[in-house]
Amino acid sequence: MAKGEIVIDEKACKGCGFCVKFCNQGCLEMGKELGALGNLAAVVAHPEKCNACAICGWMCPDYAITVYKYTEEKAPVKK
């Protein structure tokens, strides 16, 4: 199963919340402190839930989100 790492550029996030709304895994939330632009920016609240689908990045109108995908290598099955 793929795992992901979400990186949010706080300097670019305007706090629209699209990424939070469209994240099917519930990885993101709106922050409780003001970000670099003086608004509530999105934060990665549950990174362990990320499956690297990258929908959050696609939905971001400001290209503030990058998603990195990692896969686990499986040992070959012995027959």
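Our structure is the block above this text.
**Remarks on a nonpolar patch on the surface**
On the surface, a cluster of nonpolar side chains totalling about 280 Å² of accessible area is made up of Val7, Tyr68 and Tyr70. Positionally, valine 7 belongs in strand 1 (residues 2–8).

**Considerations on the pattern of salt bridges**
Going through the model one piece at a time under the given rule, you end up with 1 salt bridge. In this structure, aspartate 62 engages lysine 14 in a salt bridge whose closest nitrogen and oxygen atoms are separated by 3.7 Å. One end of the pair, aspartate 62, is in the loop between helix 2 (55–59) and strand 4 (65–71); the other, lysine 14, is in the loop between strand 1 and helix 1 (18–22), and 48 residues separate them in sequence. Assessed through its relative accessible area of 29%, aspartate 62 is described here as partly exposed.

**Details of the pairing of strand 2 (residues 28–34)**
Two strands pair when backbone bridges link them, and strand 2 and strand 3 (residues 40–44) are joined in this way by 4 bridges, in the antiparallel orientation. By the bridge assignment, leucine 28 is partnered in strand 3 with valine 44. Linking strand 2 to strand 3, which pair antiparallel, is a turn of 5 residues; within it glycine 38 sits at a positive phi near 80°.

**Comments concerning the pairing of strand 1**
Only one face of strand 1 is covered, namely the face carrying Ala2, Gly4, Ile6 and Ile8; the face carrying Lys3, Glu5 and Val7 is uncovered. Where strand 1 meets strand 4, 7 bridges bridge the pair, whose relative direction is antiparallel. The residue of strand 4 that forms the bridge with isoleucine 8 is isoleucine 65.

**Here's the deal with the nonpolar core**
One finds Ile6, Ile8, Leu28 and Ile65 to be the most contacted residues of the largest nonpolar core, which totals 14 residues. Elements supplying a minimum of two residues to this core: strand 1 and strand 3. Setting aside its immediate chain neighbours within four residues, isoleucine 6 contacts Cys27, Leu28, Val44, Cys50, Cys56, Ile65, Thr66 and Val67.

**Focus on unusual backbone geometry**
As a rule of thumb, non-glycine residues mostly have phi less than zero, and peptide bonds are mostly trans rather than cis. The residue alanine 54 is not glycine, and still its phi comes out positive at about 70°. Structurally, the position occupied by alanine 54 is in the loop between strand 3 and helix 2.

Cut-off values and rules
Residues numbered from 1 in each chain as written. Predicted model: local features only at pLDDT ≥ 70, side-chain atom pairs only at ≥ 80, totals over all residues. Heavy atoms only, no water. Patch = residues over 30% accessible without salt bridge, like charges linked within 9 Å, V, L, I, M, F, W, Y side chains within 5 Å. Areas by Shrake-Rupley, 256 points an atom, 1.4 Å probe, with all protein chains shown as cover. Salt bridge = Lys/Arg side-chain N within 4 Å of Asp/Glu carboxyl O. Helix = DSSP H or I, 4+ residues; strand = E, 2+ residues; numbered from the N terminus. Buried < 20%, exposed > 50% of the residue type's maximum accessible area, 1.4 Å probe, protein only. Pairing = 2+ DSSP bridges. Core = buried A, V, L, I, M, F, W, Y, C linked by side-chain atoms within 4.5 Å. Contact = heavy atoms within 4.5 Å.

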